[in-house]
Amino acid sequence: MLCSYLVLLINLAAWSMNASQADYASTEFAYGSGHVDPIAATNPGLVYDITKADYMAFLCGMNYNATTVRLISGEAVTCSEKILPRDLNYPSMSAKLSGSDISFTVTFNRTVTNVGGSNSTYKSKVVLTHGAKLNVVVSPRVLYMKSVNEKQFFTVTVSGRGLDPNMPSSASLIWSDGTHSVRSPIVIYAGIFRSLSP
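Residues numbered from 1 in each chain as written. Predicted model: local features only at pLDDT ≥ 70, side-chain atom pairs only at ≥ 80, totals over all residues. Heavy atoms only, no water.

Asker: In this structure, what is going on with the overall build of the protein? I would like to understand it.
Answerer: Within the protein, the secondary structure is distributed over 5 helices and 11 strands. Split into buried and exposed, the 198 residues of the protein put 44% on the buried side. Once local pairs closer than 6 in sequence are excluded, the contacts in the protein between residues at least 24 apart make up 66%. Carbon and sulfur atoms make up 55% of the accessible area of the protein, which totals about 10600 Å². (Helix = DSSP H or I, 4+ residues; strand = E, 2+ residues; numbered from the N terminus. Buried < 20%, exposed > 50% of the residue type's maximum accessible area, 1.4 Å probe, protein only. Contact = heavy atoms within 4.5 Å. Areas by Shrake-Rupley, 256 points an atom, 1.4 Å probe, with all protein chains shown as cover.)

See the structure below:
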């Protein structure tokens, strides 16, 4: 849980870097999450909480057998619950498609926990990176948090057609209550693209 919390803080407590170019410099993989703001990390507003059981269901969903999952987790597992890798409750969302010319629709399921104030209203905003050909729909578009530690479920549905097989398409989902800005990168790709390093 500590590892996922640190990833969350790096993603959420940062100023985004400017990415206005049309090549890799405009994608999530190239410029990362921005400059970390350690003060904001102490008050993120929302967190994507994840448990050991979630990780075990994730491993089962990747077709690891119960014996292998037990070796990793140290507990007996039946693999009765399986989740798709893209539905692991992580701040980032990514999916690899089987082809670049096909029409696609991918849905991500996420749950956020309110660690900010009670009676908070978070509105969603989607920011496409330069040149991205994605249609992103968030449902619900507004989260009403009545109390601290309240959990809310939402979906992000990404659709489009004709992705560049040599470069990922990306966007960001931002939940904001006017004080906190909770940013999650979204990446859709259709091939094995060249290395991001020069």
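Asker: I keep staring at the pattern of salt bridges and nothing clicks. Help me out?
Answerer: Two side chains with opposite charge may pair up if their charged atoms get near one another. With the rule as written, the count across this model stands at 2 salt bridges. A salt bridge links Asp-49 to Lys-151; its shortest N-O distance comes to 3.7 Å. You can see Asp-49 sitting in the loop between strand E3 (46-47) and helix H4 (52-61) and its partner Lys-151 sitting in strand E9 (residues 151-161), a full 102 residues away along the chain. Since its relative accessible area comes to 48%, Lys-151 is described here as partly exposed. (Salt bridge = Lys/Arg side-chain N within 4 Å of Asp/Glu carboxyl O.)

Asker: Can you help me understand helix H5 (residues 66-73) in this one?
Answerer: Sitting at the head of H5, Asn-65 places a side-chain oxygen 3.1 Å from the backbone nitrogen of Thr-67. In the stretch just after H5, Gly-74 is the one whose phi turns positive, near 80 degrees. (Polar contact = N/O pair within 3.5 Å; in protein donor to acceptor, adjacent residues only side chain to side chain.)

Everything listed here is a matter of coordinates, which is why it stays silent on function.
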